[in-house]
Every structure is written in C-alpha cells, then in structure tokens.
Amino acid sequence: MSASIQSLPDVAIRRILEYSVSEPLVLPPPPSEPRRALSHICANWRRVLVSTPSYWNRIKFSYGPFNDTSKLLQLWEVCRRRSGSTLLYLDFVGDPVALFGLGTRPTRREDMIFGRCRISIMRSIILPNITRIRALRCLICAQEDMDAFLDMRGGAFDSVEFLDIAFSDEFAVRLTSFLLNQRLAMNTTPFQSFPRIRHCYLRCLNIPIEIHPIDLNLPWSQLISLNLGAIGIPPNVFTMIMRRTSHTLVEGIFRIMFERKPHALLLPRLGAVDMPYLQALQLNLHDASLDQRLFRVLRLPVLHTLIVNFSDQYEEHFNIMAACINISVYSTQTLQMLKIIELPPPFPSPYPPFKQRYDGRRMRARSCHPLEAYFLALRNLRVLHLPCGIYLCVTTVEKIAKGEILPLLQELDLGSIDIQHTFSMIQRRNDLAHHHSLVPGTSSGKHGLIGPCVFLRSVRIVLPVCNLHEQQTIVEKANSLISTGIYIAIYLLESSKFYVA
C-alpha cells in the first residue's frame, strides 16, 4: 500500500490534496493543520504539496497563545515564498474557539490581535505584498498600523476585491478618539487606494464618535456587496448611499438609527430610491417608529432575501409588518426569504423604555388580517420568520395548509396560541405535498392550488406559558410529525427551547 501511494502521479496527488487543504492555512498552525500531516506521508507528497502555490495563498492569522513574534514572521515568510506569485487572501481576524477548542477564548484585549500588538501587520505583512492581495480582512488598531493605512497612496491595493476592515482606537496612546475620527473623516485617500474593490465590510470599534460613511469616500459606484451593519447611520445617509450604489449593489447590510425630532418639518427629506440589482438586504432598525417614511421610498424589483432586525423603545406595538410590506411591495414575485426578528434596545436612551416589554405579557396578537393578502402575492417565498406577537388568523393558517398561499414555503417560524391547530396545518400541508409528489403536474383543481405545493421542512414555534401536562401533549404530537422528516423546534416565550426533533 505504501509503495502504491508513493508512486501516484502528481495529477492524482494534487486532486487528493485539493480536497484535504481546501480550508485556509492557519498561522500559527494548530496540531490539526492538515498540511502538516500530509507533508509527512512521503517525500513525493511533500514535494507536490510545497511546490503548489494555491495551497499556501489563503492564510488566516490566528490570535492564539503564541509569544514568539519572530517565529510568527518566519512562518509567514515560508508561506509567502511557497505561494509564489499567486494572489493572496489574508484574514487577520480568527475564531479562537474554532481554532483551539473551548475554554481558550482570550481574556486580554492584546490576545485578540495577531502578534499581540508587538508587530505591525501593515508594515511587516500587508505593505510588502500590497500588489498581490486580493482579499483582506483585518483589525487596524495599533498606532503604527493606523498611520500606515491613513497615509496610503491612491491605487496602492490594485488587486483587492474583498475588504473587511475594522478600526479601533483601543490600543492607540498618542491618538485620541476625537483625532482618530477627524483623521478618518478628513483623509480621503485610503479607500481610493482600492480601485478594484467590489465587496466592503466596514466597522468602527470602541470609537465614541461615529464616522460618517460618506466622508470616507468609498468607491460606491463599483461595490457589489456592502456591509455597514456595525456603523449606525440615519435614514437620509442610508438613502444617499443606496443611490450612489444603485447601479451595482447586489447585497447590502445596514444599521439605521432613527432620531426623535420635535417637529416633522425638521426631519431630513427622503427621495425615492431605485435599486434595480439589489437581491439581498438586511436592515437593523433602531426606533423606526420615529420616522416611517423610509419604508415607502424603496423600490427593490429583484429582491429575493429580506432580513429585518428591529428594536423600538418608543412605541410598544410598532407595526413592523406594515414596514416590511412597504419595503417589498415591488418584489412580491421575487422574494424567497423574509425574516423579521425583534431585539431588545441595544443602547441607553434619555427616554425610558416600556416596562416588561420583552416578557410573556407582551405575547398577544397584533393585527394579522392584512397579512393574508400580502402572503397571497408571495408565490415564491420559501423561508418565513415572523416576530413574536404576530399571529396568523385561522383562515390564513387554513389556506397555508391547503397550499392556497405560500405554496413553496419550506421553513416557517411563527408564534402560536393554538398549537394543536398549528400541528394540524403542518400535517395537512405535508400530506398534500406528498400527494403532489406522487401525481406530477398537479395544479389548480380540487385543492384550489395555483401550482404544486412543497413540504414544510423546518418549523419553529414560539408559545406562551404552558404547564407540564400541556408540554407533554405537545411533545407527543410533535413526535408524530417527525416521521415525515420535518425539523421541529418549540420555544416558550419566558424560557428557552424545550423540544427539538
């Protein structure tokens, strides 16, 4: 067997290695690093492994427990040489739990930085290879790295297409938070040094003064995906960014902060926003009840994924469904995923929040009848997550069971007051889907369908408080459904998940 392995041709060895080293190389390498084990099979395998640049150009720089910084740079130099002239994919933000196992998460801030801030990643690694980097993910926080980035000349990163960069003044000694914001806001050259950038994820950590994204002069007109989910922006800045990216943007994540104004006339003007290519949109909305005009100006004709995370401390029963209907009014024929998640307010406010907003007493039905007409238009929706407090009326549930609305739905997350009725809907819906699978071409007829009905594969149900006897009954009924291959998760509002099948 050993002789046959050693005699394999290079083409066969490379085919095997492609499956074994598909993940990025971790520096410093953990004991489970596959390249280490593969290099010890035999001299022939090691030769092929070391001489193939594509196995060494994707590197994740871990912030694990490693004190010898000179050794870190030596390891990097070995990988750089083996990568030849191929483009580099560098990731300086790792996951310590995934790399080193549970119980090793860093407790000191310095331990979360590659080299523990003892080396400059900009001057030691990034700048010497500036023309070869295609993807860059890093945290810029040390004084030397910040200066090097801000002094970058235009067009320097002429190969970078993906940029995930976070700014932090956590370790800056001579540069105060205010000056850091001023330098980032006034210096327009750093992001002009990325002429080919298509995907951008921008974050600002531990900086008390928010940086205005427009001041950064990103190349908006060439961005395909944009993630500003960690930078709070007002609605008018959001619409401004959307207009500047309207001809290219396909995916976007934004965090929108709404402010209270003493009079509606003081609110900034919002014009219509047409996004003809936007397919996936995630909005993190904070206090959206203060200004709901934004949801009526968006025109998203090809949107297939809409995720809305919202929190509101001014209006207890903010009608988030009405907002989502307005956002997706132009994309009812293309929408495939709709997720709406309510979160507690993330920031302190001068206005007191409603008491007991997120406990079981809030679990009561909001208006649900207009949803039936909305769901009727969503013929291609496959994933639907509704927030707590939004209940579907009996007629809507019946039409889902019959496949008259949401015929392609496969994943459902909803609150339920009558769990037995919900279980009945799941059973009848999947029985109908099974019938359709046996009779190809089933369409409108005795089941009142416009098209075929598919199986519900995953259902998550949130219930108000129920006693132990009711829980046992629910578990028994859920067990009778898992034979159809469905995943079921049931949660109590005031506690954690109590059943999964």
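Residues numbered from 1 in each chain as written. Predicted model: local features only at pLDDT ≥ 70, side-chain atom pairs only at ≥ 80, totals over all residues. Heavy atoms only, no water.

Draft legend 1. Focus on the pairing of strand S8 (residues 251–257). Across six bridges, the pairing between strand S7 (residues 225–233) and S8 is parallel. By the bridge assignment, Gly232 is partnered in S8 with Arg255. The β-α-β motif built from S7, the intervening helix H10 (residues 235–244) and the parallel element S8 has right-handed crossover chirality. Note: S8 against strand S10 (residues 280–286), seven bridges, orientation parallel. The residue of S10 that forms the bridge with Glu251 is Ala280. (Pairing = 2+ DSSP bridges. Helix = DSSP H or I, 4+ residues; strand = E, 2+ residues; numbered from the N terminus. Right-handed = clockwise from strand over helix to strand, strands pointing away.)

Draft legend 2. Spatial organisation of the nonpolar core. Leu90, Phe157, Phe254, Leu285, Ile320 and Phe375 are the most contacted members of the largest nonpolar core, which totals 120 residues. When residues in this core are grouped by element, the largest group, five residues, is from helix H11 (residues 320–327). If we skip the residues at most four places from it in the chain, Phe254 touches Leu226, Leu228, Gly229, Ile233, Phe238, Ile241, Met242, Leu249, Leu281, Gln282, Leu283 and Asn284. (Core = buried A, V, L, I, M, F, W, Y, C linked by side-chain atoms within 4.5 Å. Buried < 20%, exposed > 50% of the residue type's maximum accessible area, 1.4 Å probe, protein only. Contact = heavy atoms within 4.5 Å.)

Draft legend 3. How the structure looks around the packing of aromatic side chains. Evaluation of the coordinates by the stated rule reveals eight aromatic pairs. Relative to Phe191, the ring of Phe149 lies with its centre 5.7 Å away and its plane at 75 degrees, an arrangement referred to as edge-to-face. You can see Phe149 sitting in helix H8 (residues 143–150) and its partner Phe191 sitting in the loop between helix H9 (177–186) and strand S6 (199–205), a full 42 residues away along the chain. As far as the burial class goes, Phe149 and Phe191 line up, both buried. Relative to Phe295, the ring of Phe258 has its centre 6.3 Å away and its plane inclined at 45 degrees; by these criteria the two rings are tilted. Taken together, the positions of Phe258 in the loop between S8 and strand S9 (273–274) and Phe295 in the loop between S10 and strand S11 (298–299) put the pair 37 residues apart, joining distant regions of the chain. (Phe/Tyr/Trp six-rings, centres within 6.5 Å; stacked < 30°, edge-to-face > 60°.)

Draft legend 4. The packing of helix H13 (residues 394–401) against helix H14 (residues 419–438), seen in detail. At a minimum axis distance of 8 Å, the contact between H13 and H14 shows a crossing angle of 25 degrees. Overall, the two elements H13 and H14 adopt an arrangement that is roughly parallel. Across the interface between the two elements, Val394, Val397, Glu398, Ile400 and Ala401 from H13 touch His421, Met425, Arg428, Arg429 and Leu432 from H14. In terms of residue class, the contact of H13 with H14 is built from six nonpolar, one polar and three charged. (Axes fitted to C-alpha atoms, helices over the stretch in contact; angles between N-to-C directions. Parallel < 35°, antiparallel > 145°, perpendicular 65-115°, else oblique. Nonpolar A, V, L, I, M, F, W, Y, C, P; charged D, E, K, R; others polar.)

Draft legend 5. Inspection of the side chain of Ser39 at higher detail. Summarising the element assignment, Ser39 is placed in the loop between helix H3 (34–38) and helix H4 (43–50). With relative accessibility at 11%, the residue Ser39 sits in the buried group. Reaching out from Ser39, the side chain makes a polar contact with the side chain of His40 at a distance of 3.3 Å. (Polar contact = N/O pair within 3.5 Å; in protein donor to acceptor, adjacent residues only side chain to side chain.)

Draft legend 6. Region of interest: the pattern of salt bridges. On inspection of all chains with the given rule, the structure shows 11 salt bridges. Taking the shortest distance from any N to any O, the salt bridge between Glu398 and Arg428 comes out at 2.8 Å. A residue pair is termed long-range when its members are at least 10 positions apart, and Glu398 in helix H13 and Arg428 in helix H14 qualify at 30 residues. Taking relative accessible area as the criterion, Glu398 reaches 22% and is therefore assigned partly exposed. On the accessibility criterion, Arg428 (30% relative accessible area) is partly exposed. Ionic contacts of the salt-bridge type, sharing partners, join the residues Asp91, Arg137, Asp164 and Arg203 into one network. (Salt bridge = Lys/Arg side-chain N within 4 Å of Asp/Glu carboxyl O.)

Draft legend 7. Structural detail: the packing of helix H2 (residues 10–20) against H4. Orientation of H2 relative to H4, taken along the N-to-C sense of each, is 70 degrees, at an axis distance of 10 Å. When the axes of H2 and H4 are compared, the pair comes out roughly perpendicular. Relative to H4, the crossing made by H2 is right-handed. Facing H2, whose interface residues are Asp10, Ile13, Arg14, Ile16 and Leu17, H4 presents Asn44, Trp45, Arg47, Val48 and Leu49. Of the residues contributing to the contact of H2 with H4, the split by class is six nonpolar, one polar and three charged. (Left-handed = near helix turned anticlockwise from the far one by under 90°.)

Draft legend 8. Looking closely at the confidence of the model for the chain. Per-residue pLDDT for the chain averages 78, and the proportion of residues at 70 or more is 75%. Predicted confidence is poor over residues 347–367, with pLDDT under 50, and the contacts of this stretch with residues over four places away or in other chains come to 56 contacts. Throughout residues 496–501 the model reports pLDDT below 50, and contacts reaching past four residues in sequence, or to other chains, amount to 24 contacts. (pLDDT = per-residue confidence, 0-100.)

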